[in-house]
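Summary of the model geometry
Chain by chain, the residues:
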Amino acid sequence: MKPPSPVATAQSTLEETGRMKPSHLAFAAAILMLAGFSGRALWQTANPPDPASAYAMLFETHCLSRLARVQSSGADPHLDLPEKAQRITRLDAAGLQAIQTRHRCEVKDATRLMTEAQRDTAVALIVSLIKEKLPELADNGDPLPWDLFRAFTSAAPAGSDAKWGVILIRNKPDSGDALQMTVTQLALPRS
């Protein structure tokens, strides 16, 4: 005698009890989740986010939200990190990373360099965010002869734990390597 097929067993279980067995339900849920994750990954591959907008979004959601939490309650969710440890959030579809350390939050185009137009847009978006959300920071211009070096700092004395700010850095415009990365660092106040 041939054993019943799993489909027939599930059908008969459904007919007998009016519901599926938990193991069959879990299997169906796992298949649906797998299909959903695969579909999302395929969609993101086919429709990658605009790198400049994604860069500004990472800075706002990871760095500015952390600063707001520190300033409002004094609680820093990353203060427990060991001195040289990092927590990295990757947005692979755009080639971006947000890196959290104990006293710093950084966003950069780490795995795929942005085009010149994308870099210019990203910098303009970051500068706009800083001026809108951090008006207490002074724009210290571009003191180094790099492709980009802009510093926005607090009025606290240099070397003070209360000193904090944001710098935008890009060493070279077209080196094709790490020196061409656009990096935005938020140095958090330590007091």
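Anything mentioned here points back to the structure above.
Quick caveat: nothing in here was measured; it's all calculated off a predicted structure. (Residues numbered from 1 in each chain as written. Predicted model: local features only at pLDDT ≥ 70, side-chain atom pairs only at ≥ 80, totals over all residues. Heavy atoms only, no water.)

**What to know about the overall build of the protein chain**
Definition in use: Segments assigned H or I by DSSP are reported as helices when at least four residues long, segments assigned E as strands when at least two residues long, and all are numbered from the N terminus. Each residue is assigned to one of three classes by its accessible area relative to the maximum for its type, calculated with a 1.4 Å probe on protein chains only: buried under 20%, partly exposed between the two thresholds, exposed over 50%. Contacts: residue pairs with any heavy atoms within 4.5 Å of one another. Note on areas: these come from Shrake-Rupley sampling with a 1.4 Å probe, and a residue is covered only by the protein chains present in the view.
In terms of regular secondary structure, the protein chain is built from four helices and seven strands. Mapped from its N terminus to its C terminus, the protein chain presents α and β elements in the order α-α-α-β-β-β-α-β-β-β-β. Counting only residues that meet the buried cut, the protein chain has 32% of its 191 residues in that class. Considering only contacts within the protein chain whose residues lie at least 6 apart along the sequence, 50% involve residues at least 24 apart. On the protein chain, roughly 11400 Å² of surface is accessible, and the fraction owed to carbon and sulfur atoms is 60%.

**Focus on the nonpolar core**
Heads up, the condition is: We define the nonpolar core as a collection of buried residues of types Ala, Val, Leu, Ile, Met, Phe, Trp, Tyr and Cys that are connected through side-chain atoms lying within 4.5 Å of one another.
Among the nonpolar cores identified, the biggest contains 30 residues, and F59, I130, L134, V166, L168 and L186 are the most heavily contacted of them. Contributing elements (two or more residues each) for this core: α3 (51–73), β2 (96–100), β3 (104–108), α4 (116–133), β5 (148–153) and β6 (165–170). The greatest single-element share of this core, amounting to nine residues, is contributed by α3. Once residues within four sequence positions are removed from consideration, F59 is found in contact with L64, V107, I126, L129, V166, T184 and L186. Membership of the second largest hydrophobic core comes to five residues, among which are F149, A151, M181 and V183.

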